[in-house]
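Tertiary structure, described
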Amino acid sequence: MNDPIIRFEHFSFQYHAQAEPTLHDVCLSVRKGEKLLICGPSGCGKSTLAHCINGLIPFSYKGEIGGSLTIAGRESRELGIFEISRTVGTVLQDTDGQFVGLTVAEDIAFALENDCVGEPELHERVRTAAALVGVEDHLSHAPGELSGGQKQRVSLAGILVDDVEVLLFDEPLANLDPATGKQAIELIDEIQKETGAAVIIIEHRLEDVLHRHVDRVVLMNGGRILADTTPDELLAGELLRENGIREPLYITALKYAGVSVTADKRPDHIETIELSEEDQARVRAWFQSVPPAPEKPETPVLLAAEGVRFAYPNGREALAGLSLAVREGELSAVVGTNGAGKSTFCKLLCGFETQQEGTLRFAGQDMAELSIKERADRIGYVMQNPNQMISQTMIFDEVALGLRTRGVPEEEIRRRVEETLKVCGLWPFRSWPVSALSFGQKKRVTIAAILVLEPQIIILDEPTAGQDYRHYTEIMEFLLALNRRGVTVLMVTHDMHLMLEYAGRAIVFSGGRLIADAPCAEILTDETVIRRASLKETSLYTLAQRCGIDDGQAFVQRFIDYEREAVRT
Amino acid sequence: MRPLFNYIDRPSPVHRLTGAAKLVSMLLWTLAAMTTYDTRLLALLAVGGVALFAAARLRIADVSFLFGFILVFMVLNNLLVFLFAPEHGVSIYGTRHVLFSLGGRWVVTKEQLFYHLNLLLKYCAMIPVVMAFICTTQPSEFAASLNRIGVKYTVAYSVALALRYIPDVQRDYHEISQAQQARGIEMSRKESLIKRLKSASAILIPLILSSMDRIEVISNAMELRGFGKNKKRSWYMARPFTAGDVLAMILCALLFAAALILNRLNGGRFYNPFV
């Protein structure tokens, strides 16, 4: 065994601004060539741990350090952030924000430029690194011309230009669609084999990371390391579930079916898990025993698009021949790759843009005559980033804003805001400033601010982006409760779990056209749609095949029905 | 939504010059235009400036916003000069040829008109050249050239980054204002000024908050990749000077020298056709 490159020994850290330490008694070693996944719910300390590894702590974020952290044999606090960055290369979560250069080549060259590497070595090393991640044909492209996956590749190339010994990925899947995320995990795997560097991935999407082999999984919660073991061991136990990390869906299905998942069955991958004849029979029996959910009665059409076409002033056609209907009381997902036309569709509904052809109807009425403000009384739109919506300092005022601008009497405002705050679970915080809230709570405030206008439809852009499993569940259960009260909900999303668990059906866009409009179980088992919309086949489908169930789609549907009926209620 | 001003990728001889040479030439050119009021030289610079703008294959439409802004400013500037100092030309040139009177102290003289012509020429001498520089130099090359003429690279890079983020911030502004409009925030002229100022804050606060997030990410990303480590850095976009670069800089230096010599010959900054 070689010496650890990174070694935490009884390490603790407390930010200067906080009363409590964020990390307690952390002991962890990472050796060259190892691949490590660090997971845990939001606020568990995993990002802080990442900052310690790459030197942002203590050099950019100040605080009190206890114990020891050595990087390549030297105490980290005695090094500088620049020295640490020679050993540890970091790919940040935000694929746009970390793009420093104006073009791909300049971004890759950034670290070399800062090291005063001159010609011709500079151009040579940039080309080599670009080729390693497969962006050598895009060297002169600007970030705006790249997809999210390509931007991430560029960031990776930007740290591969130096021979770093540790590659640190901070939530690499957060901003990618499912298919691109899968490719990212494959790329990380290939790069590791090629360079022999140690890889540390910080991520809470366990199933997606386990798509390729991982040596160890470190589970954190409350600033402590709870487990540091193989994926097989961890999946066999209950620790994941207890600490708010979502198990892979096939594991959940196996547990529902009463199959005991033990480490020796090698459950870390759906393709390789050992399922005995008896296990398979159990899954089949469970499949037969779950009754199909009763079909919901058809409700009247609330929102209809007929032959809608829209092109931006620069000539790019964003939507063409779009026709679809949303029925009252639905809770549906709008999916598709970036640029497929999802956001344009939302903008047209809200009246931010106007279609060149076709009509949009709300409850039978043509919306062409309605202003943005009038549409907002019927259709509420919640942006992805709550920081882009919140403009008031106090929660009450933020929620009241829309009513005040509509000249509603102050008395009625008070009544409606208070009622909405209760519905949204924000009542305890009613007199708090917005800045004291967590990201997820802010999201709720923005939903409340829209809900208070009593729209019949609420459209949410990536409602669960950046949320861990617990907060994800909270937000989605909340939306479900709203939906049960009669609000129609449309969610623009990349999240396949969200589709499976909550959405009744999925409306799939590709290249400005509607390519599918069907129940989620059907969408997520349809190869063509999956490919065109950059989705990923669900592991439940593979499980069905491995257990000899021919109708994979029905199996996925049963799983969904079972979760909704037996587990949730 | 058109960017305020930006690099325009439309290959031309001006685009091909290296950033540093263009920056030096642009500075010399504008210095020449600033130091002199010699009408002959200003006319030459104005004609040359417009020619350069055309040679860079730029169109008025590319810079319509900035152009409109400067046009308004120029008209205002001239109007105010005439309003407050109608005899300014007379005091400069020492003669008084009255053309006609607009009543009161506002008498139009040949000298005053000539002075206004000079003001106008000054704008025409400087603005097209500055615009041509901005639109033909990539921000990163701009940073590299600032660094080359002695500005610290950390400062130079920050300037370039700020320029680069203008389109992003514009897009954010657009999105935020749409979402706030949906909540009933009116930005139209129908509302009173106070209401509109309040509305503006409803857009600016989210804009500032989300920009702060952006700044934190970018500064972490830069620091993690060694920005600020050394006193110097190399530039991927840096190019050695070509014959064309040297020629451009010599020409502009000559123009600046001509401005200084003319100041000496004219016995002041003004060329006087009236004596």
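Now for a look at the structure at hand. (Residues numbered from 1 in each chain as written. Chains lettered and ligands numbered in written order. Predicted model: local features only at pLDDT ≥ 70, side-chain atom pairs only at ≥ 80, totals over all residues. Heavy atoms only, no water.)

1. Observations concerning the overall build of chain A
When you go through chain A residue by residue, the secondary structure sums to 23 helices and 20 strands. For chain A, whose C-alpha radius of gyration is 25 Å, the value lies close to the compact-globule estimate of 25 Å for 569 residues. Principal-axis analysis of the C-alpha atoms gives chain A an extent of 70 × 60 × 50 Å. Counting every position in chain A, which comprises 569 residues, the buried fraction comes to 59%. Pairs at least 24 apart in sequence give 68% of the contacts found in chain A among residues at least 6 apart. For chain A, the accessible surface area stands at approximately 22,500 Å², while carbon and sulfur atoms represent 46% of it. Each charge class in chain A was averaged separately, 58 positive and 85 negative side chains, and the resulting centres sit 4 Å apart. (Helix = DSSP H or I, 4+ residues; strand = E, 2+ residues; numbered from the N terminus. Rg over C-alpha atoms; globule rule 2.2 N^0.38 Å. Buried < 20%, exposed > 50% of the residue type's maximum accessible area, 1.4 Å probe, protein only. Contact = heavy atoms within 4.5 Å. Areas by Shrake-Rupley, 256 points an atom, 1.4 Å probe, with all protein chains shown as cover. Lys, Arg positive; Asp, Glu negative; His and termini not counted. Charge placed at Lys NZ, Arg CZ, Asp CG, Glu CD.)

2. A short note on the packing of aromatic side chains
Scanning the model with the defined rule gives 26 aromatic pairs over all chains in all. Between the aromatic rings of Phe352(A) and Tyr381(A), the centroid separation amounts to 6.2 Å while the plane-to-plane angle is 75 degrees, which identifies the pairing as edge-to-face. Placement of Phe352(A) in the loop between helix 13 (342-350) and strand 14 (357-362) and of Tyr381(A) in strand 16 (residues 379-382) is noted, with a sequence separation of 29 residues between them. For the residue pair Phe352(A) and Tyr381(A), the accessibility class agrees, reading buried in each case. When the ring centre of Phe241(B) is taken as reference, the NZ or CZ atom of Arg148(B) above it lies at 4.1 Å. A cation over a ring is seen here: Arg233(B) above Trp235(B), with NZ or CZ 4.6 Å from the ring centre. (Phe/Tyr/Trp six-rings, centres within 6.5 Å; stacked < 30°, edge-to-face > 60°. Lys NZ or Arg CZ within 6 Å of the ring centre and 35° of its normal.)

3. So, the interface of chain B and chain A
Contacts between the two partners involve 46 residues from chain B, matched on the other side by 57 residues from chain A. Taking both partners together, chain B and chain A bury about 4,500 Å²; carbon and sulfur atoms supply 56% of that area. A per-residue breakdown of the area chain B buries against chain A is headed by Arg183(B), Arg225(B) and Tyr236(B), which together make up 24% of the total. Inspection of the region where chain B meets chain A yields four salt bridges. For the salt bridge of Lys229(B) with Asp115(A), the shortest nitrogen-to-oxygen distance reads 3.1 Å. Scanning the region where chain B abuts chain A turns up 21 residue pairs in polar contact (both at pLDDT 80 or more). Taken together, the elements giving at least two residues each to the side of chain B that touches chain A come down to helix 7 (139-148), helix 8 (153-182) and helix 9 (193-224) of chain B. Looking at the side of chain B that touches chain A, the element that brings in the most residues is helix 9 of chain B, giving 14 residues. (Buried area = accessible area lost by both parts, 1.4 Å probe. Salt bridge = Lys/Arg side-chain N within 4 Å of Asp/Glu carboxyl O. Polar contact = N/O pair within 3.5 Å; in protein donor to acceptor, adjacent residues only side chain to side chain.)

4. Quick notes on helix 7 (residues 178-195) of chain A
All names here are of chain A. Counted at 1.5 Å a residue, the expected span for helix 7 with its 18 residues is 26 Å, and the 26 Å between its end C-alpha atoms agrees. Taken together, the buried positions of helix 7 are Pro178, Ala179, Thr180, Gly181, Ala184, Ile185, Leu187, Ile188, Asp189, Ile191 and Gln192. With its phi angle positive at about 70 degrees, glycine 196 sits one or two positions after the end of helix 7. (Expected span 1.5 Å × (residues − 1).)

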